[in-house]
Amino acid sequence: MSDTVRYEVNEGLATVTLNRPDAMNALDEETKVALRDTLQRAAADERVRAVLLTGSGRAFCVGQDLKEHTGALQRGGGSALNTVEEHYNPITLALAGMPKPVVAGVNGVAAGAGAGFAFACDYRVMADTAAFNTSFAGVALTADSGVSWTLPRLVGPGKAADLLLFPRSVKAPEALELGLAGRVVPADELAAEAASVARQLAEGPTAAYAALKESLAYGASHSLAETLAKESELQLRAGASQDHRIAVEAFAKKERPRFTGR
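Residues numbered from 1 in each chain as written. Predicted model: local features only at pLDDT ≥ 70, side-chain atom pairs only at ≥ 80, totals over all residues. Heavy atoms only, no water.

A. Seen up close, a nonpolar patch on the surface. A contiguous nonpolar patch, built from Leu66, Leu81, Val139 and Leu141 and spanning about 330 Å² of accessible area, is present on the exposed surface. Relative to the elements of secondary structure, leucine 81 occurs in the loop between α2 (66–74) and α3 (83–97). (Patch = residues over 30% accessible without salt bridge, like charges linked within 9 Å, V, L, I, M, F, W, Y side chains within 5 Å. Areas by Shrake-Rupley, 256 points an atom, 1.4 Å probe, with all protein chains shown as cover. Salt bridge = Lys/Arg side-chain N within 4 Å of Asp/Glu carboxyl O. Helix = DSSP H or I, 4+ residues; strand = E, 2+ residues; numbered from the N terminus.)

Here it is in structure tokens:
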């Protein structure tokens, strides 16, 4: 495993940490491969019930390592953007598609693909000193890492176009107001709060969370009638789960349920 991405599992929670603090967690080749493989590992890891994605140092992730990218362009450029298909797409799909809740602990600036990866998570806890920046147009590129799909669903198509056409730093208070962040906390409390949120999800009915993720993704591109049919299918599955029985029995006894994820 690469040192540029750390992977730790503790009591059902996998913490994935981007670990290039001196480069503000910029995405060089090694880091992109490690992040893709680590997220796919977390998705398949039977010990893991929830995932926390965060960064070390003062940044969450500033996106593509432009020094490495510039070198690739100078060497011919034809393959410089193959990274979108090889790395960014599978990373985004792993975050958005894994049947486990994923929390982003946004400890600092999240720009470009870094912002895209945060937007692909199910919930974002943001430090009050952090900020988002789409940044793509600033270097004459279009959106990647799923931003053209996730951002309009978070803030609406008009505001998404504004943030993409006129990239700027969206600081924590505005991010909270726009819906880019689920909650904002003081920077020195970010690590503990993000872990607490992720752990709460890890202890919850994770099979139901997986169904909720599937339902939300399905509803984003299907009609109401089709979505109602999908909800019915998923609710039948959830209703037959062990977790549902546990929840109902705990409710009747006025006890706190202990979910199994089954």
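Anyway, onward from the coordinates.
B. The arrangement of the packing of aromatic side chains in detail. A full pass over the atoms with the stated rule returns 2 aromatic pairs. A centroid spacing of 5.8 Å and a plane angle of 75° characterise the contact between tyrosine 88 and phenylalanine 117, whose relative ring orientation is edge-to-face. Residue tyrosine 88 is found in helix α3, and its partner phenylalanine 117 is found in helix α4 (residues 113–120); the two are separated by 29 residues along the sequence. For the pair shown, tyrosine 88 and phenylalanine 117 are each scored as buried. Measuring from centroid to centroid gives 5.0 Å for phenylalanine 119 and phenylalanine 132, while their planes differ by 50°, and the two rings are tilted. In this pair, phenylalanine 119 sits in helix α4 while phenylalanine 132 sits in strand β8 (residues 131–133), placing the two residues 13 residues apart along the sequence. Here phenylalanine 119 matches phenylalanine 132 in class, with each residue buried. Above the ring of tryptophan 149, the side-chain terminus of arginine 153 is found at 3.9 Å from the ring centroid. The ring of tyrosine 218 has lysine 230 sitting right over it, with the charged end atom 5.0 Å from the ring centre. (Phe/Tyr/Trp six-rings, centres within 6.5 Å; stacked < 30°, edge-to-face > 60°. Buried < 20%, exposed > 50% of the residue type's maximum accessible area, 1.4 Å probe, protein only. Lys NZ or Arg CZ within 6 Å of the ring centre and 35° of its normal.)

C. Focus on the sheet that holds strand β7 (residues 123–127). Pairing in this open sheet of 6 strands is mixed, and the strands run β1-β2-β3-β5-β7-β10 from one edge to the other. Two strands bound the open sheet, and with one partner strand each, they are β1 (5–10) and β10 (183–185). Sheet twist, expressed as the mean angle between neighbouring strand axes with direction ignored, is 20°. Two elements, β1 and strand β2 (residues 13–18), share 6 bridges in a ladder whose sense is antiparallel. Note on β2: the bridge partner recorded for tyrosine 7 is valine 16. (Pairing = 2+ DSSP bridges. Axes fitted to C-alpha atoms, helices over the stretch in contact; angles between N-to-C directions.)

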